[in-house]
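Okay, here's what each chain looks like letter by letter:
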Amino acid sequence: MFDGEISLKTTRACAAVAALAATAALAACNPGTDTPAVSSPPVSSPSASVAAPSYFGSDGYGKLTIGMSEKDALATGDLRTDPVSTVLDKNVYSFADGPEPDAKQMAFDEKIEKAVEAADKSTDTSAAGSAKAAKAYADSTQRLYDRLIAYLTDGGASFTKGKLVSIAADKDAETEAGIKRGSKVAELKTAYDGKGLTGNDKDGYELPITGHNGWRIRFEADKGTIKYMSLGK
């Protein structure tokens, strides 16, 4: 997505590589046995969205504005007061009518990332040690992908060090040009012809936000249709 965020293209590629690495390492450690499947957390389902009084991307979304602090964002009432994710020094919140925090999911996420921390510090180079580390990395990559999809599907806002770093559009959000999730890529290209739109269906499209240096709207496409929208720096 953006600096400090994870793109769908990157996570798909990393998930495949990490899964292969885990499979190979576990097979070497346990020859002749079935390789245990890498567990992955459930993805939260789409839910109702909070109504937004402004267009998506011009200065932010709803009462959330670019450059806003986490404290001020929570005070707007547009977000739930408790985050749905807190790992990797990032606090992610749903919109007010979005999914509630899932304590079991959050504990699962934290457990996975602690396993990665342990793998990073491990000096065990045995087959068993390598298999354990490979599985930790594969689980983490899958977790990142699952949480990203949940974030882009449900919508919400992400903060690092108390500052807003991205907003994911809910199903009701639309840009000033009328582009929203479900719009055709052809409509996107027509709406922003000559306005700095770059990208393609495979890698996604990006549009710079006027007046906010470095910030841009990201459009993820699937089969000629806009599937997700987000903005960040």
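This one's a predicted model, so the numbers in the text were calculated from it and none came from an experiment.

Chemist: A description of the packing of helix H3 (residues 103–121) against helix H4 (residues 127–154) should follow, citing residues and the corresponding values.
Modeler: Axis separation between H3 and H4 bottoms out at 9 Å; the angle between their running directions is 140°. Judged by the inter-axis angle, H3 sits oblique to H4. The hand of the H3/H4 crossing is left-handed. On H4, the residues that touch Gln105, Asp109, Ile112, Glu113, Ala115, Val116, Ala119 and Asp120 of H3 are Ala133, Ala136, Tyr137, Asp139, Ser140, Arg143 and Arg147. For the contact of H3 with H4, a count of residues per class yields seven nonpolar, two polar and six charged.

Chemist: Tell me about the pattern of salt bridges, and please be specific about residues and values.
Modeler: Between side chains of opposite charge, a pair can form when the charged atoms approach closely. The tally for this structure, following the rule as stated, stands at nine salt bridges. One salt bridge connects Arg147 with Asp109, and the closest N-O pair in it is separated by 3.5 Å. With Arg147 in helix H4 and Asp109 in helix H3, the pair connects residues that are 38 residues apart, well separated along the chain. Take Asp109: its relative accessible area is 1%, and that puts it in the buried class. Here Glu220 makes a salt bridge to Arg218, at a shortest N to O gap of 3.1 Å. Of the two residues, Glu220 and Arg218, neither departs from the other in class, the shared state being buried. Each member of the salt-bridge network shares a partner with another, and the members are Asp109, Glu113, Arg143 and Arg147.

Chemist: Explain unusual backbone geometry to me, and be specific about the residues and the numbers.
Modeler: At Leu88, a residue that is not glycine, the phi angle is positive and equals roughly 55°. Within the secondary structure layout, Leu88 lies in the loop between helix H2 (70–75) and strand S3 (90–93).

Chemist: Quick rundown of the packing of aromatic side chains? Include the residues and the values.
Modeler: Think of a pair of aromatic rings as described by two things: how far the centres are apart, and how the planes are tilted against each other in angle. Enumeration over the complete set of coordinates arrives at four aromatic pairs. Here Phe56 and Tyr61 contribute two aromatic rings whose centre-to-centre distance is 5.3 Å and whose plane-to-plane angle is 70°, an arrangement assigned as edge-to-face. Here Phe56 and Tyr61 have matching classes, each one buried. On the numbers, 5.7 Å between centres and 80° between planes, the contact of Tyr93 with Phe159 is edge-to-face. Of the two residues, Tyr93 sits in strand S3 while Phe159 sits in strand S4 (residues 156–160), which places them 66 residues apart along the sequence. Phe159 gets classed as buried once you look at its relative accessible area, which sits at 1%.

Parameters and conventions
Residues numbered from 1 in each chain as written. Predicted model: local features only at pLDDT ≥ 70, side-chain atom pairs only at ≥ 80, totals over all residues. Heavy atoms only, no water. Axes fitted to C-alpha atoms, helices over the stretch in contact; angles between N-to-C directions. Helix = DSSP H or I, 4+ residues; strand = E, 2+ residues; numbered from the N terminus. Parallel < 35°, antiparallel > 145°, perpendicular 65-115°, else oblique. Left-handed = near helix turned anticlockwise from the far one by under 90°. Contact = heavy atoms within 4.5 Å. Nonpolar A, V, L, I, M, F, W, Y, C, P; charged D, E, K, R; others polar. Salt bridge = Lys/Arg side-chain N within 4 Å of Asp/Glu carboxyl O. Buried < 20%, exposed > 50% of the residue type's maximum accessible area, 1.4 Å probe, protein only. Phe/Tyr/Trp six-rings, centres within 6.5 Å; stacked < 30°, edge-to-face > 60°.

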